[in-house]
4 protein chains.
Amino acid sequence: MISITLIIQCPDQKGIIAEVTQFIYSYKGNIIYIDQYVDRENKAFFMRLESEFKGDLKAIEQFQKAFANGPVTKYDMAWSIYPQEKKPRMALFVSKYDHCLYDLLGRFKSGELEVDIPFILSNHPDLQPIAVSFGIPYYHIPVTIDTKAQAEQKQLELLKQHHVSFIVLARYMQIVSPKLIDEYPNNIINIHHSFLPAFPGAKPYHSAFARGVKIIGVTSHYVTEELDAGPIIEQDIVHVSHTHNVSQLVAKGRDLEKIVLARAVKNHIAHKVMVYGNKTIVFS
Amino acid sequence: MISITLIIQCPDQKGIIAEVTQFIYSYKGNIIYIDQYVDRENKAFFMRLESEFKGDLKAIEQFQKAFANGPVTKYDMAWSIYPQEKKPRMALFVSKYDHCLYDLLGRFKSGELEVDIPFILSNHPDLQPIAVSFGIPYYHIPVTIDTKAQAEQKQLELLKQHHVSFIVLARYMQIVSPKLIDEYPNNIINIHHSFLPAFPGAKPYHSAFARGVKIIGVTSHYVTEELDAGPIIEQDIVHVSHTHNVSQLVAKGRDLEKIVLARAVKNHIAHKVMVYGNKTIVFS
Amino acid sequence: MISITLIIQCPDQKGIIAEVTQFIYSYKGNIIYIDQYVDRENKAFFMRLESEFKGDLKAIEQFQKAFANGPVTKYDMAWSIYPQEKKPRMALFVSKYDHCLYDLLGRFKSGELEVDIPFILSNHPDLQPIAVSFGIPYYHIPVTIDTKAQAEQKQLELLKQHHVSFIVLARYMQIVSPKLIDEYPNNIINIHHSFLPAFPGAKPYHSAFARGVKIIGVTSHYVTEELDAGPIIEQDIVHVSHTHNVSQLVAKGRDLEKIVLARAVKNHIAHKVMVYGNKTIVFS
Amino acid sequence: MISITLIIQCPDQKGIIAEVTQFIYSYKGNIIYIDQYVDRENKAFFMRLESEFKGDLKAIEQFQKAFANGPVTKYDMAWSIYPQEKKPRMALFVSKYDHCLYDLLGRFKSGELEVDIPFILSNHPDLQPIAVSFGIPYYHIPVTIDTKAQAEQKQLELLKQHHVSFIVLARYMQIVSPKLIDEYPNNIINIHHSFLPAFPGAKPYHSAFARGVKIIGVTSHYVTEELDAGPIIEQDIVHVSHTHNVSQLVAKGRDLEKIVLARAVKNHIAHKVMVYGNKTIVFS
């Protein structure tokens, strides 16, 4: 028995669901879960489907070929199949803040995140002991104006060498290079410590304090070349009042950051996030 | 063009989705939305599906017959089809509190609720002016120990005479008779002013105050014979503190009650709530 | 017995609380509630205090004079005393949307809002029946480019004639004139249907939809000359997903708008909101 | 300069605030923050006050004596003074779950919790490596039916020897002995994984699942002899749906548990929690 997740995006037409489900049934697949969405304005169809098949990875490969020649061609689908036994490989980028790192590693250890973590990478040496205590390799690649190009090169090499599927910026305080973004489109997850589009850029808690907002938020999004403007995956907020100074906003924000980032990462791992234009569809 | 909502519940088996979607496609139906859930432990399958067909109600009747003889029989389905142009008929039962009534009528007037409201019924005369200002008939049926049986009889007659589909108890402060519950199984929606199963019965805000909780909640549920123990449709909460006395809890609760009741009613109208055992599946 | 609310704002110095509370005690006042806040960075002191005195309004006037000559002079206080038996007079400005109006009038009728409502004013005739059903005068003052100046003049006259204390813009879809703002500084409460500072200006739900946010919010704030940039009183949010189109965001937003506006109005009525720079202190 | 927190509880009478603030002023104390609450029904007065004094701990001792002979006697106060430079000593009790432990230790390390942590105690050896990685002693004291009395004795000895001020049960899966509760009244903080009073006792997520609730909650409370019935400090919730099985409820609950426990611990450390009957006053 093997389980797969099938992701489809195509122009909306009649009969897609019938065709796909029939096709799976004809391969003796058992559909466990189906979620679909039609953007009627843009006539676009999206589907995420979990199915069980008898047999092993080879059976899936056969199905995959047939599916490519059948429904994919007929409906002009962008699509992917992910066998559930192949865990995605997640690289963690960090700087000096440790709360998101601790949180993700705690979840990883407790079995909540179905990934491999080949390495943790940082522009600072500070968090190495945490990596060590969890038994995960830690690469310290400093980034200065002079070494930026070199550092990027090293990052890319590490990512390739370790067959990384996606990157999580767990409060990584450097702007990621366009080259990296090109290599990992919609596969670099950032946590921004404001309720975007309010307060993009640096020091959002300071800006929130200055504006006197009664709520602060955080946003997890895919990284695109425009800073803090990528497709939003997940957001959440916490209420604040005049009694909270900036450092209290920061402390309250930390609790949000780790939870919102974890939710985004979990949805990404489960292939529940589909990017469409600059927006996301997040299946439940 | 006619739109329908199809609701299915049956033992889980392979191929149900494929069969149903294929069947609809063969009748030239266009599936707009599909949501499904499998309770794997109990091997039960649930589906809600919206589809468009060419033609009118007659075309639907044909499809309906064929569907009954086809998939329904094959998979042993409990099922319903609701043409979207047939609005459900909602009766409102109230007592003296007006906040839920105002809220529902405001939504009704603004077009948010796709229903007809044949009448408002109350055991008190107080809210009649509101009914009048919205142009809806108001029946005052007092309930005392002596007149309870008679009152129930009158209620049942009114409900039948007006072809009522479902009843909303918008803070109706009487226990509904078993006869009524039998006539409208999973079609009487109540709003209970506590976070069930905490604080069932009378005066939940007083009990919440006495216990010193930091959160109060409300629960919308279908009415069953056991008091406040029916399937939960929707819940929400609000934070409170030691500074709030009982009457402030009541005031805060009112805001919750109307919104949670309205959400439950909207989901019920859209046939998004399926009852299963004493629990609900609420499709999104 | 008479109850007052005392509001104080002054440069922070040692001994203010001791002096004020001692002063009240010397007039046989019984302090029921005290809330205070020190902005240590700006060395500013804020206090809200509720106290009971024997006697009537005259006794308060005496205390008021003595207080002005005593602590007020000594500590250079900006201050106000509000006897609780004198209800503030609230004017409601509306356009065509009725949800905030219904909500506020429902609360008013149930005794939740301790105000008088001398009139409802609108640039459209549509909501007059609601005003009538609650027995409140309704003034229809159309606003066009040509009549804007005249309309403002009429508004000001009405406000003066009715001794209005503060104005609530319950989804009033016109920009309020600077003259009105000057006459009612920090006394015009608006509800903006976005989580400010995100999406100021017109059609925020459309902007939120376009950006693909996962949360929408609303903001109640005092009106200042800069559009949607005044001191924030209250904010709240609701989660949304890719399945919600603009009109569903609007419907979800309505529920927030009425509740957040009501909260802001209640805090304003209770003199719990103090404006400081472009921010507010909202005592609990 | 030395800062103190003063906590007072006494029968409500006129003039208490005036007297206390005047008294502090006469000792050249500068009040930074005052929060007070009057339970009018029970005529009880509660106050928390932060003040700065010139000098050192000796100056505070003098003030303390004078205060005891003055206002304390006059108003029959239960009271405490906590110099802010004396950190409370927090013992952590754990079993096998590590999420609350990681969370608290992460906050401790980042400076968010102003405490000393003399030791971590567990009835299992599993979490020792975490203690080691944070450099905190770990005592493994197994508890079986036969060794329960002995284990309690050892626990008490450790607590005394390390001058522990309060205990946090960070998912400690044993019932705490009455002797321990007697030694640390209102100083043992538990996190219960339900929205109390719903689902007390074991396996609340299973009960919540069985009841079909749409919200799960967690509760942090002081431990009293009656199980899960002590004064509630903090509660929070998360929405769930029919799609979540028990293990998903557990995973969602973990995120709540750590945050709600941390909030309760932070409020306890800041002496913001006052117990009154079986309820708490939690100053903001």
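Residues numbered from 1 in each chain as written. Chains lettered and ligands numbered in written order. Predicted model: local features only at pLDDT ≥ 70, side-chain atom pairs only at ≥ 80, totals over all residues. Heavy atoms only, no water.

K.L.:
Explain the relation of the copies chain D and chain B residue by residue, including any values.
P.N.:
Superposition record for chain D on chain B: RMSD 0.0 Å, screw rotation 180°, translation along axis 0.0 Å. The transformation relating the two chain copies, once decomposed into turn and shift, fits a two-fold axis. Considering only C-alpha atoms, the part of chain D nearest the rotation axis is A198(D), at 2.3 Å. Take the interface residues of chain D: 97% of them recur as interface residues in chain B, which is what a same-surface contact looks like. (Least-squares fit on C-alpha atoms with pLDDT ≥ 70 in both. Contact = heavy atoms within 4.5 Å.)

K.L.:
Please provide a residue-by-residue account of the state of the cysteines, values included.
P.N.:
All chains considered together, the criterion is met by zero disulfides over all chains. No disulfide involves C100(C); its nearest neighbouring cysteine sulfur is the one of C100(B), lying 18 Å away. (Disulfide = S-S within 2.5 Å.)

K.L.:
Tell me about empty space enclosed by the protein, and name the residues and values.
P.N.:
Considering all chains together, one arrives at 13 cavities of 30 Å³ or more under this definition. Estimated volume of the largest cavity: approximately 260 Å³. Residue lining of the largest cavity: 22 residues in total, with Y102(B), D103(B), K258(B), D103(C) and K258(C) positioned closest to the centre. Those elements that place two or more of their residues in the lining of the largest cavity are α3 (99–109) and α8 (246–269) of chain B together with α3 (99–109) and α8 (246–269) of chain C. Taken together, the residues of the lining of the largest cavity sort by class into two nonpolar, six polar and 14 charged. (1 Å grid on protein atoms, 1.4 Å probe; cavity = no way out; pocket = protein on both sides within 12 Å on 5 of 7 lines; lining within 4 Å. Points joined across faces, edges and corners; volume = space filled by probe spheres on them. Helix = DSSP H or I, 4+ residues; strand = E, 2+ residues; numbered from the N terminus. Nonpolar A, V, L, I, M, F, W, Y, C, P; charged D, E, K, R; others polar.)

K.L.:
Before we move on, could you go through the side chain of D103(A) and cite the residues and values that matter?
P.N.:
Counting through the fold element by element, D103(A) comes out in helix α3 (residues 99–109). Of the residues examined, D103(A) reaches a relative accessible area of 5% and is grouped as buried. Not counting chain neighbours up to four residues away, the residues in contact with D103(A) comprise K258(A), A262(A) and K258(D). (Buried < 20%, exposed > 50% of the residue type's maximum accessible area, 1.4 Å probe, protein only.)

K.L.:
Hey, could you go over the sheet that holds strand β9 (residues 188–192) of chain B for me, with residue numbers and the actual values?
P.N.:
Residues and elements named next belong to chain B. The seven strands are arranged β7-β6-β5-β8-β9-β10-β11 in an open sheet whose pairing can be described as mixed. Only two strands of the sheet have a single neighbouring strand rather than two, namely β7 (138–140) and β11 (232–239). Neighbouring strand axes in the sheet, compared pairwise and without regard to direction, differ in orientation by 20° on average. Its contacts with the sheet place α8 against β5 (90–94), β8 (166–169), β9, β10 (215–222) and β11, and it is angled at close to 150° to β11. (Pairing = 2+ DSSP bridges. Axes fitted to C-alpha atoms, helices over the stretch in contact; angles between N-to-C directions.)

K.L.:
So, the interface of chain C and chain A: which residues are in play, and what are the values?
P.N.:
Contacts between chain C and chain A engage 31 residues on the former and 31 residues on the latter. Across the chain C/chain A interface, buried area totals approximately 2,600 Å², and carbon plus sulfur atoms make up 60% of it. When the area that chain C buries against chain A is broken down by residue, the three leading residues are R211(C), K214(C) and H242(C), summing to 27%. Counting the contacts that link chain C with chain A gives zero salt bridges. Our count for the chain C to chain A interface comes out at 17 residue pairs in polar contact (both at pLDDT 80 or more). Breaking the side of chain C that touches chain A down by element, the ones donating at least two residues are α7 (204–211), β11 (232–239) and β13 (279–282) of chain C. Its residues placed into classes, the side of chain C that touches chain A shows 17 nonpolar, eight polar and six charged. (Buried area = accessible area lost by both parts, 1.4 Å probe. Salt bridge = Lys/Arg side-chain N within 4 Å of Asp/Glu carboxyl O. Polar contact = N/O pair within 3.5 Å; in protein donor to acceptor, adjacent residues only side chain to side chain.)

K.L.:
If you had to explain the relation of the copies chain C and chain A to someone new, which residues and values would you point to?
P.N.:
The transform that puts chain C on chain A rotates by 180° and translates by 0.0 Å along the axis, for an RMSD of 0.0 Å. Of the residues that chain C buries at the interface, 100% are likewise interface residues in chain A, meaning the two copies contact each other through the same surface.

K.L.:
Tell me about the sheet that holds strand β8 (residues 166–169) of chain C, and name the residues and values.
P.N.:
Whenever strands of a sheet pair, they do so through backbone hydrogen bonds, lying parallel or antiparallel. Residues and elements named next belong to chain C. In space, the seven strands of this open sheet follow the order β7-β6-β5-β8-β9-β10-β11, with mixed pairing throughout. Strands with a single pairing partner mark the edges of an open sheet, and in this sheet they are β7 (138–140) and β11. Strand after strand, the sheet turns through a mean of 20° between neighbouring axes, direction not considered. With three bridges connecting them, β8 and strand β9 (residues 188–192) associate as parallel partners. Bridge pairing in β9 places V168 opposite I189. Sheet strands touched by helix α5 (residues 148–161): β5 (90–94), β6 (120–122), β7 and β8. Its angle to β5, the strand with the most contacts, is close to 155°.

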